[in-house]
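Reading the structure
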Amino acid sequence: MILDRPLPTLCLAALLVGLSLSAQARVAPPGDAIAEIRRTSYGVPHILAKDERGLGYGIGYAYAQDNLCLLGNEVVTVNAERSRYFGPQQKTFEQRENLTSDLFFSWLNTPTAVFGFWQAQPQPIRALLEGYAQGYNRALSERRAQGLPGECQQAEWLRPITALDLVKLTRRLLVEGGVGQFAEALVAAAPPKATAALNSEAFTQAQARREQFALERGSNAVAVGHERSFNGRGMLLANPHFPWAGGMRFYQMQLTVPGKLEVMGAALPGLPLINIGFNKHLAWTHTVDTSKHFTVFRLQLDPKDPTRYMLDGKSLPLTRQHLAVTVKGEDGKLQQVSRDVYSSSFGPVVVWPGKLDWTPGVAFSLRDANLENTRVLQQWYSMNQADSLKALQHSVQQLQGIPWVNTLAVDAKGNTLYLNQSVVPYVDKALLAQCSDPAAGQEVIVLDGSRSACNWKVDPRAAQPGIFPAQMQPTLERADFVQHSNDSAWMVNPAQPLQGFSPLISRDDQPLGPRSRFALQRLASLEKAGKIGTADLQNMVMDDQVYLAELVLPDLLQWCAGVADDPQLKAVCSSLKTWDGQANLDSGIGLVHFQNIVRALSQKGGFWRVAFDPADPQHTPRGLAIEQPAVAAQLREAVLASAKRVADAGLGDNTRWGQIQQASDGTPIHGGPAELGVYNAIQSVEIAPGKRLVVSGTSYLQLVTFDEHGPQAVGLLAFSQSSEKGSLHGSDQTKAFSAKHWQRIPFTEAQIKADPQYRVQVIREVDGAKVALSKP
């Protein structure tokens, strides 16, 4: 084809994107990547390579040996192909309809956006991603020849992947704390009088997912400094609470490039680096923050046309993006379903019935700061390589690639660091006062979209336009401790409160969650007892104390004493009296009653005897106001309801918690709801009367200390390495977690080779290419 005139810029860009994607889809020519995969107990891989491509090759290969189907399924999701293979009305792991998911990812992962992200990556990150894809593909080819696992044995959707598939997975991760929670709202948005795809049940589930976000992706963390640790060096407890299945399921591994990288920890699917871990010099972890990563803009629409909006007095058109996905009909035939997504200069228009409605005069547009965050992979790779706390801190402040989590870290010398420095819209108190809608509250920040002056501020110190520079976000260095459990930055260490920040970053004077209060109380009691040891930090998780029981159970039992003659209440009160106040496997049925009662009271509120006092956040609120008739009446109603619920479930007085809450393989699991102050937070759902399945909670446990020989670590991956039922490592660590048996984590060469399950596999990319070419 001969071009006799220049292509328009947009056409040229589209052509380049198309050519690049086409090239990526083809199998890359074989390189010289070599990886040595040494496996230790529980099948944990320790991957050694001479460069990033070889390292990525080893990671992708090892991951596919353990989780081939999981990653393949997630690739289907981020490529918007679930409706094609599974039908439009089936649900994703997150319980979102496939059609909604596909339309959302069609919008998120456009070729232009994906290729733009790829172009922004430095060469080492590209090499890691390319190597990962090729390593996965080699394992796929080998496993096809051996026989695929049951989870995807006959799967027509299982295919080789490309580096751009991994980019799409990364972009999904980025928006988890923002527009990813508004998929239904984005897909359903339609102009007034147009046919809107509103589904009340879908929005109810979406709201539940938003409310559960911090619980299902929450975390605990404690970094102990030299003033408090048993040996005068640093200690770090990492206790992230993440899903036990799906695209957010951690994977444990060690990565080594001699002279450049040596890091151990856990990573999310498709990421060729460590998210939470340690190296020779330091250890770090993350907790989901309370910062805002998006805002909504209230658009004033043109009275003549609801698809135009007024900005600074001018009428501007909403841009319209046409989305089309392939769906499998009930007859098995494929057809196209399309939607239009409208966007203002701020971002896509979203609709949430009763909250964010598109009327003839008003619409709402959402801007997510992480949509422009192309630095996230480089950020974690830089952290993996950090040789000091200063280097880690400098990396976070310069790159600003952390999407929606806090960072807590400690070094071998016993210095601790807390950073609330994720990607946050630069909306300070002054801009809020001038532009926000007070009626909208603080849950979702709504700004005036009719004035460009209400858009996010720009600071040249920030890594991208429109976000806060790191210098304006909370940071705390201490020699005693820092801790965090998904509250704001305010009480990370009560000796040095972090105050005065924009409400989008951190809010002062808000009630602390019960896990934070438990951690601060436990750390205070340990200070009185002396120095903190490894067993002390392990026990914070493993004693399974229900902190809320300490606050309300005495009053609850006092109320029970006053109604002792009521036969309808006697059994429940008796179980509460004999309950040990914990969520252990052998904890009695009183735990179930306590959960039911507290949840019933919390739905109505107003039950505290002592209200929250900002001057005493560690000890308020507390107590049940049983002397108030309204509270006593609510309590009676809650106890009767719990008695009926337990009886209907067929649970008896001798039922134990471990008989109720279990993993998918039937392993009994201790721990309980985060909202009850159980530090070992476990989220489970009822799957049958008297049976609950664990879906989220304590995931990768890591306790790192340091001595003269370097890091000494113990821990567990609570749900085990493999998601495949037929794997030897599909439930081995789960059973160890159930038994509260933490394992030593091998790190040095001597520790790795001394492991009783040590085995080695060397893979070369050129050999893998021969394998792939020999198969149909």
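The protein appears in an unreviewed UniProt entry as Acylase from Pseudomonas fontis. In UniProt, the protein has this text filed under Subcellular location (unreviewed entry): "Periplasm".

1. A word on the sheet that holds strand β7 (residues 276–279)
Pairing within the open sheet is mixed, and its 10 strands lie in the order β19-β17-β16-β8-β7-β6-β5-β2-β1-β29. Either end of the sheet is taken by a strand with one partner, and the two such strands are β19 (475–478) and β29 (759–764). Shown here is a sheet whose adjacent strand axes are inclined to one another by a mean of 15°, direction ignored. Direction of pairing for strand β1 (residues 34–39) relative to strand β2 (residues 45–49): antiparallel, over a ladder of five bridges. Its bridge partner being in β2, I37 is matched across the sheet by I47. Most of the contacts of helix α11 (residues 389–399) go to strand β17 (residues 416–419), to which it runs at about 5°, and overall it touches β8 (282–288), β16 (405–411), β17 and β19.

2. Describing the pairing of strand β11 (residues 314–317)
Where strand β10 (residues 305–311) meets β11, four bridges bridge the pair, whose relative direction is antiparallel. Of the residues in β11, the one forming a bridge with Y309 is L316. Following β10, the chain reverses through two residues before pairing antiparallel with β11; D312 in that reversal takes a positive phi of roughly 55°.

3. Some thoughts on unusual backbone geometry
For the peptide bond that leads from T620 to P621, omega is 0°, which places it in the cis range. Tracing the chain through its elements places P621 in the loop between β21 (608–610) and β22 (622–624). One non-glycine residue, Q95, lies in the positive phi region at around 65°. By the secondary structure assignment, Q95 is in the loop between α3 (82–86) and α4 (98–108). Phi is positive for D544, close to 55°, though the residue is something other than glycine. Mapped onto the elements, D544 comes out in the loop between α14 (534–542) and α15 (547–562). For D544, a relative accessible area of 0% corresponds to the buried category.

4. Observations concerning α11
Of the residues making up α11, those classed as buried are L389, L392, Q393, S395, V396 and L399. Taken down its axis, α11 places every buried residue within 155° of arc, on the same side. Every exposed residue of α11 that faces more than 90 degrees away from the buried side is listed here: K390 and Q398. On its buried side, α11 packs onto β8, α10 (376–385), β16, β17 and β19. Following α11 by one or two positions, Q400 adopts a phi angle in the positive range, close to 50°.

5. Some remarks on the packing of aromatic side chains
All chains considered together, the criterion is met by 17 aromatic pairs. Ring plane angle 35° and centroid distance 5.0 Å describe the contact between F242 and F250, whose orientation is recorded as tilted. A single burial state applies to F242 and to F250, both of which are buried. Each ring, one from W579 and one from F594, has its centre 5.0 Å from the other, and the planes form 35°; the classification is tilted.

6. Considerations on the state of the cysteines
In this structure the tally under the stated criterion is three disulfides. Each sulfur of the disulfide joining C69 and C152 lies 2.0 Å from the other. Handedness here is read from the sign of the S-S torsion; for C69 and C152, about -60°, the answer is left-handed. Here C69, found in helix α2 (residues 52–78), pairs with C152, found in the loop between α6 (123–146) and α7 (163–174); they are 83 residues apart in sequence, far enough to count as distant. Given a relative accessible area of 2%, C152 falls into the buried group. Note on cysteine connectivity: C435 is disulfide-linked to C454, with sulfurs 2.1 Å apart. With the S-S bond torsion at -75°, the cross-link from C435 to C454 turns out left-handed. Within this pair, whereas C435 is found in helix α12 (residues 429–435), its partner C454 is found in the loop between β18 (446–448) and β19, the two being separated by 19 residues in sequence. Bonded cysteines in the protein are paired 1-2, 3-4, 5-6 when counted in the order they occur along the chain.

Calculation criteria
Residues numbered from 1 in each chain as written. Predicted model: local features only at pLDDT ≥ 70, side-chain atom pairs only at ≥ 80, totals over all residues. Heavy atoms only, no water. UniProt positions renumbered as here; feature names shortened; annotations may be inferred. Pairing = 2+ DSSP bridges. Helix = DSSP H or I, 4+ residues; strand = E, 2+ residues; numbered from the N terminus. Axes fitted to C-alpha atoms, helices over the stretch in contact; angles between N-to-C directions. Contact = heavy atoms within 4.5 Å. Buried < 20%, exposed > 50% of the residue type's maximum accessible area, 1.4 Å probe, protein only. Arc of directions from axis to C-beta. Phe/Tyr/Trp six-rings, centres within 6.5 Å; stacked < 30°, edge-to-face > 60°. Disulfide = S-S within 2.5 Å.

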